[in-house]
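# Coordinate inspection notes
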Amino acid sequence: MVFSNYARPSGTFGWGYFGGGGGCLGRMSPACAMALGVAVYAVQVVTSRWWLRRYRFGPMEWVWRVVMYGTRQPWKISAG
């Protein structure tokens, strides 16, 4: 899930700081930015654990494997 966990907050924070999320760059205090970063990290830990109990790898990793191998890769973890 490394690729997925890197891409998700990068896109979210990029959008929030520079674009449609209000352009918070320069208007948010360092303490608020730190609290937001810790909150996003905590949400990622919880969602990653939930995801990896059900699927073999993260969504970005799955796309990467499909592109690299040229064939659809197994997605769900089989019960058993």
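Here we summarise the structure given alongside this text. In this text the structure is predicted, and so the values were computed from the model without any measurement.

About the cut-offs
Residues numbered from 1 in each chain as written. Predicted model: local features only at pLDDT ≥ 70, side-chain atom pairs only at ≥ 80, totals over all residues. Heavy atoms only, no water. Helix = DSSP H or I, 4+ residues; strand = E, 2+ residues; numbered from the N terminus. Polar contact = N/O pair within 3.5 Å; in protein donor to acceptor, adjacent residues only side chain to side chain. Phe/Tyr/Trp six-rings, centres within 6.5 Å; stacked < 30°, edge-to-face > 60°. Patch = residues over 30% accessible without salt bridge, like charges linked within 9 Å, V, L, I, M, F, W, Y side chains within 5 Å. Areas by Shrake-Rupley, 256 points an atom, 1.4 Å probe, with all protein chains shown as cover. Salt bridge = Lys/Arg side-chain N within 4 Å of Asp/Glu carboxyl O. Buried < 20%, exposed > 50% of the residue type's maximum accessible area, 1.4 Å probe, protein only. Contact = heavy atoms within 4.5 Å.

Structurally, the position occupied by Ser4 is in helix α1 (residues 2-18). One polar contact links the side chain of Ser4 to the main-chain amide nitrogen of Met60, over a distance of 3.0 Å.

Tallied over the entire structure, the rule returns 6 aromatic pairs. Aromatic side chains Phe3 and Trp64 sit 6.3 Å apart centroid to centroid with 90 degrees between the ring planes, which places their arrangement in the edge-to-face category. With Phe3 in helix α1 and Trp64 in helix α3 (residues 59-69), this pair connects stretches of sequence that are 61 residues apart. Within the aromatic cluster, the residues linked to one another by ring pairs are Trp50, Trp51, Tyr55, Trp62 and Trp75.

So, on to a nonpolar patch on the surface. Taken together, Phe3, Tyr6, Met60, Trp64, Met68 and Tyr69 make up a surface patch of nonpolar side chains, about 730 Å² in accessible area. For the nonpolar patch, the secondary-structure elements that each account for two or more residues are α1 and α3. Here the nonpolar patch takes 4 residues from α3, the largest share from any one element. By the element assignment, Met68 lies in helix α3.

If you trace the backbone, Gln44 turns up in helix α2 (residues 30-54). You can call Gln44 buried: its relative accessible area is 12%. Looking at Gln44, its side chain comes within polar contact range of the main-chain oxygen of Asn5, at 2.8 Å. In contact with Gln44, other than residues within four places in its own chain, are Asn5, Arg8 and Pro9.

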